[in-house]
Amino acid sequence: MSAGVMLAPFSIAYQTYGRLNADKSNAILLCHALTGDQHVASVHPVTGKPGWWSALVGPGKPIDTEKYFIICSNVLGGCMGTTGPASLNPATGKPYGLDLPVVTIADMVRAQAMLVERLGIETLFCVAGGSMGGMQALQWAASFPDKVFSVMIIAAAARHSAQNIAFHEVGRQAVMADPDWRGGRYLEEGVRPAKGLAVARMAAHITYLSEEALQRKFGRKLQNRTEKTFSFDADFQVENYLRHQGSTFVDRFDANSYLYVTRACDYFDLAQDYGGSLATAFKNSPTRFCVVSFTSDWLYTTSESRVIVHALNAAAASVSFVEIETDKGHDAFLLEEPDFIATTRGFLAGAARARGLDI
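Values in this document were obtained by computation on a predicted structure and should not be read as measured data. (Residues numbered from 1 in each chain as written. Predicted model: local features only at pLDDT ≥ 70, side-chain atom pairs only at ≥ 80, totals over all residues. Heavy atoms only, no water.)

## A look at the packing of aromatic side chains
Part 1 of the reasoning: Enumeration over the complete set of coordinates arrives at 11 aromatic pairs.
Part 2 of the reasoning: Ring geometry for Phe 249 versus Phe 253: centroids 5.1 Å apart, planes at 20 degrees, classification stacked. Per residue, the accessibility class of Phe 249 equals that of Phe 253, and both read buried.
Part 3 of the reasoning: Through a chain of ring-to-ring contacts, three or more aromatic side chains come together here, namely Tyr 68, Phe 125 and Phe 149.
Part 4 of the reasoning: The ring of Phe 249 has Arg 201 lying over it, and the distance from NZ or CZ to the ring centre is 4.5 Å. (Phe/Tyr/Trp six-rings, centres within 6.5 Å; stacked < 30°, edge-to-face > 60°. Buried < 20%, exposed > 50% of the residue type's maximum accessible area, 1.4 Å probe, protein only. Lys NZ or Arg CZ within 6 Å of the ring centre and 35° of its normal.)

As structure tokens, then:
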């Protein structure tokens, strides 16, 4: 691992959709965002909700399960079956808690590469992801350029900004300030820091939206009342919405995993790993790239996407760049956004022709 220690054994939980063709050339790896998981296009076993990318993945959709073999795995440090802080440490028989080594994006990708190798796939047709998933896609292109034919980097950045690190630190401190966190040993003591994790989710969720989207959806509308209560109840609809987001999140996510995945994003700085030059990370890369940003995304801005594009151009890589006009904020990549859907369909179709896939 990047921390300089070994992690063994470890498990990866993953889902596949569609069929692998005879020469194993139609495999797409989808990388999930911060609090996602492997259930990209199937009903989530905890929430009962559709997969997080059901808008894009499925029969006849841009990431077509009738044409491609789709793989999506839970990241290292996660909490849906892949080894994470809630997993049992074989050395102690107790949950790892904070004894699990700190995980990086590079660690996540190395684990995914081992999974792909175990599946007998030498080269992935595409690696795609948004947000933290986009960071993984970038890391794949840098670490395994000969194993990735094409890459889609969506609403992401080549390094985490100071502002984003700050937001993550607020979330981590909310978790750790909960008396039930118990120094990360809450599972052993039969409790959960649900209140702290809910506050962390509430704060983070604001960054996934835009001011325009919040204003359009909620404005200053009151929640099931005609007058203010002059109390600290959820008078406004936006308050009720955030409380709901926080309370439902704790049912499906582990608090320590939240610490680990946010830290992985904070440590991500691809240029730093290549002598300070992002272009060097992609030198002589044979991979085809598509970089996508959204105009109202203030978490991973278009300017951050342009940094990636400029580095790819400097490395003489094949790259397409699309900035999509929307008021839906960072979460636009998860929603029914027609221009994004068309971009994904077009890029994959062009890459399939270039690779000679019979689809």
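Having seen the structure, we can now continue with the description.
## Topic: the environment of Val 238
Part 1 of the reasoning: Position of Val 238 among the secondary structure elements: in helix 6 (residues 237-249).
Part 2 of the reasoning: Owing to a relative accessible area of 24%, Val 238 belongs among the partly exposed residues under this scheme.
Part 3 of the reasoning: Along the chain, Val 238 and Arg 159 lie 79 residues apart, while their C-alpha atoms are 31 Å from each other.
Part 4 of the reasoning: The residues touching Val 238, leaving out its near neighbours within four places in the chain, are Leu 214 and Phe 218. (Helix = DSSP H or I, 4+ residues; strand = E, 2+ residues; numbered from the N terminus. Contact = heavy atoms within 4.5 Å.)

## Re the packing of helix 3 (residues 162-177) against helix 4 (residues 194-208)
Part 1 of the reasoning: For the pair helix 3 and helix 4, interaxial distance at closest approach is 7 Å and the crossing angle is 165 degrees. Classified by the interaxial angle, the pair formed by helix 3 and helix 4 is roughly antiparallel. Note on packing geometry: the crossing formed by helix 3 with helix 4 is right-handed. For the pair formed by helix 3 and helix 4, the contact residues are Phe 167, Gly 171, Ala 174 and Val 175 on the first element and Gly 196, Leu 197, Val 199, Ala 200 and Thr 207 on the second.
Part 2 of the reasoning: Across the contact of helix 3 with helix 4, the residue classes break down as 6 nonpolar, 3 polar and no charged. (Axes fitted to C-alpha atoms, helices over the stretch in contact; angles between N-to-C directions. Parallel < 35°, antiparallel > 145°, perpendicular 65-115°, else oblique. Left-handed = near helix turned anticlockwise from the far one by under 90°. Nonpolar A, V, L, I, M, F, W, Y, C, P; charged D, E, K, R; others polar.)

## A word on the environment of Phe 294
Part 1 of the reasoning: You can see Phe 294 is positioned in strand 8 (residues 288-294).
Part 2 of the reasoning: Residues Phe 294 and His 330, spaced 36 residues apart in sequence, show a C-alpha to C-alpha distance of 7.1 Å.
Part 3 of the reasoning: Excluding residues within four positions of it along the chain, Phe 294 makes contact with Ile 154, Ala 155, Thr 302, Ile 324, Thr 326, Gly 329, Ala 332, Phe 333, Glu 337 and Phe 340.

## Let's talk about the state of the cysteines
Part 1 of the reasoning: Inspection of the entire model under this criterion finds 0 disulfides.
Part 2 of the reasoning: Distance from the sulfur of Cys 72, which forms no disulfide, to the nearest cysteine sulfur (Cys 31) is 7.5 Å.
Part 3 of the reasoning: Classification of Cys 72 as buried rests on a relative accessible area of 0%. (Disulfide = S-S within 2.5 Å.)

## Section: the pairing of strand 6 (residues 124-130)
Part 1 of the reasoning: Across the 7 residues that make up strand 6, a large majority, 7, are buried.
Part 2 of the reasoning: Of the pairings in the sheet, the one linking strand 2 (residues 27-31) to strand 6 comprises 4 bridges and is parallel in character. Bridging from a neighbouring strand, Cys 31 pairs with Gly 129 of strand 6.
Part 3 of the reasoning: Examined bridge by bridge, strand 6 and strand 7 (residues 148-154) share 6 bridges and lie parallel to one another. By the bridge assignment, Gly 129 is partnered in strand 7 with Ile 153.
Part 4 of the reasoning: Crossover strand 6 to strand 7 through helix 2 (residues 132-143) is right-handed. (Pairing = 2+ DSSP bridges. Right-handed = clockwise from strand over helix to strand, strands pointing away.)

By themselves these figures say nothing about function.
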